[in-house]
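# Architecture at a glance
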Amino acid sequence: MNGESDLGWLSPLGEGPQPIYLRIVDALAAARSSGRLQPGDRLPPQRELARFLGVDLTTVTRAFTEARRRNLIDATAGRGTFVTPGEPEEPILDLSMNIPPAPLGLSLPVLIRSGIEGLLKRSSAEALLSYHPGPGSPAERAAGSSWLAATGDRLPVERVAVGSGAQALLAAVLLSQTREGDTILSDALTYPGLIALAGATGRKLAAVGRDDDGMRPDHLEEAVRRHGARVLYLNPTLHNPTALTMPEGRRRELARMAGKLGLMIVEDDPYSPLQTSSPPAFLSLAPERTFHVATLAKCVSPFLRTAFLAAPNAEAIERIAAAIRGTTMMAPPLMTGLACEWVRSGLAGEITAAVRAEAEARQKIAREILSAGFAPAESSLHLWYPLGERPRSSELADVARRRGLAISPAEEFSVAPGVADGLRLALGAASSRERLEEGLLGLRSILSGGPGSSRPQV
């Protein structure tokens, strides 16, 4: 058996429209095909690969999961991960990862490369190489205030913080505003990152009932009295996973109820830049009690894991800053500097407009292929496909994966059992409209019980 491989096989990783985890898998497959990696070679630990590539551990974990599915590698408990001798399987078509599609007419790799080169020329090397923990530099917070101004008035920088992605800022909010064992209220179907975060920090989640307009204020009041909760999590615009945008009237009702009950609101708002117009944000309706988080990862690129947070006051920002120092320490200076420069120059808005146009084109494809069983959201990166009397979403997801198609079942988003069953279909990860069409046609065949679906028509 050969020894542990070096990392040279990752040198052609490069850049491209595919998510980085798929590019890792493709590099592994190419190295295996060329003989650079031999059957039996042991791969370095995932953490070492993540450090080498400068990515999250979860990205490498996702790559290894897909590589195992393709029969490129295998893992042995206590011994490591090894290149397999078997024939690789076809790559999976991903309708599960909710990322912005590559915008037509703009080359993000070229923009990233030139942007970093320009930033290195204009910026102080000391600033980019130094620690600056906390809520961000004044210039970064000013860029955040500018980006957040789309949701209302421009905020003073004392109320703005910068973080390394929405998840980092959501963690900072929960750590600063709640204690272990506290209950956070949310929709019954909610962002999986919140579910994971609550589990990791010892917080509980409780579901609040809803109707076609979103969370119901009377059910919110009942849930507060039952659970003694002090924090409400909302994703009111292009909700993940249902793609619902809560109308203004319901937002105002919930804002009034939150004031009556003394609730703090955590408004997770990654998608509103994808709409040409949106109802007022809770940041505008209830600024005295709203923590508003807006990331660039969903409307520009996941390369820019940069997010901005608006808090009710400067004192809250200080607590947020302490939580950031205790978890992620700071936002990475190079990535944050590039993100803020793109905000200031208007390039972030230009890319967002191109992503919006591509999202609209992909929603149109979905409407043409899938039956009229869902409410489309014109510029959303995803759609929610309710299943009704069909087999459970987890079963359909298993069938789809065996046919090379990744989709997200309702269980990934469920806070409480017994909620409406369905599938979230992410439209952005497919490398092209043609690949998206291929995936949706495959899903339609599965839903209708077509050839190879492994399931009778229902």
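Source: prediction; values computed, not measured.

## With respect to the packing of helix α7 (residues 166-177) against helix α8 (residues 192-201)
Where α7 contacts α8, the axes come no closer than 11 Å and their chain directions differ by 45°. The angle between the axes of α7 and α8 places the two elements in the oblique class. Considering how the two elements wind past one another, α7 and α8 form a crossing that is right-handed. Contacts between α7 and α8 involve Q167, L170, A171, L174 and L175 from the former and G193, L194, L197 and T201 from the latter.

## Examining the sheet that holds strand β17 (residues 422-426)
Spatially, three strands are ordered β14-β17-β16 in an open sheet, and the strand pairing comes out antiparallel. The two strands at the open ends of the sheet, each matched to only one other strand, are β14 (382-386) and β16 (408-409). Bridge count for β16 against β17 is two bridges, and the pairing is antiparallel. The residue bridging P409 from the neighbouring strand is L423, located in β17.

## Re the pattern of salt bridges
Scanning the entire structure with this criterion turns up 19 salt bridges. As a salt-bridge pair, R252 and E248 come within 2.9 Å of each other at their nearest N and O atoms. In this pair, R252 and E248 are both assigned in helix α10 (residues 248-261), four residues apart and thus about one turn of the helix distant. One salt bridge in this structure joins K364 and E368, with 2.6 Å as the shortest N-O distance. On the criterion of helical spacing, the pair formed by K364 and E368 is a turn pair, its members being four residues apart in helix α14 (residues 347-369). On the accessibility criterion, K364 (44% relative accessible area) is partly exposed. Connected via shared salt-bridge partners are D26, E66 and R70.

## Here we look at the environment of A198
Along the polypeptide, A198 turns up in helix α8. In sequence terms A198 and A171 are 27 residues apart; their C-alpha atoms lie 8.8 Å from each other. If we ignore the near neighbours within four places in the chain, the residues touching A198 are R203 and L205.

## So, the state of the cysteines
Evaluated as defined, the whole model comprises zero disulfides. The thiol sulfur of C299 is not disulfide-bonded, and the nearest other cysteine sulfur, from C340, lies at 13 Å. Of the residues examined, C299 reaches a relative accessible area of 0% and is grouped as buried.

## Here we look at the confidence of the model for the protein
Predicted confidence across the protein gives a mean pLDDT of 89, with 94% of residues reaching 70 or more. Here residues 451-458 is a poorly scored stretch, pLDDT under 50, and it has 20 contacts once near neighbours within four places are set aside; other chains count.

## Some remarks on the nonpolar core
Counting 37 residues, the largest nonpolar core has W147, L296, V300, L304, F308, W342 and I351 as the members making the most contacts within it. Of all the elements in the fold, those that place two or more residues in this core are α4 (108-122), α6 (138-148), β5 (160-163), β13 (307-310), α13 (333-345) and α14. When residues of this core are assigned to their parent elements, the largest contribution, six residues, is made by α13. Dropping the residues within four chain positions of it, L296 is found in contact with W147, S301, L304, T306, F308, A339 and V343. Ranked by size, the runner-up nonpolar core spans 25 residues in total, among them L370, L396, V399 and L447.

Analysis parameters
Residues numbered from 1 in each chain as written. Predicted model: local features only at pLDDT ≥ 70, side-chain atom pairs only at ≥ 80, totals over all residues. Heavy atoms only, no water. Axes fitted to C-alpha atoms, helices over the stretch in contact; angles between N-to-C directions. Helix = DSSP H or I, 4+ residues; strand = E, 2+ residues; numbered from the N terminus. Parallel < 35°, antiparallel > 145°, perpendicular 65-115°, else oblique. Left-handed = near helix turned anticlockwise from the far one by under 90°. Contact = heavy atoms within 4.5 Å. Pairing = 2+ DSSP bridges. Salt bridge = Lys/Arg side-chain N within 4 Å of Asp/Glu carboxyl O. Buried < 20%, exposed > 50% of the residue type's maximum accessible area, 1.4 Å probe, protein only. Disulfide = S-S within 2.5 Å. pLDDT = per-residue confidence, 0-100. Core = buried A, V, L, I, M, F, W, Y, C linked by side-chain atoms within 4.5 Å.

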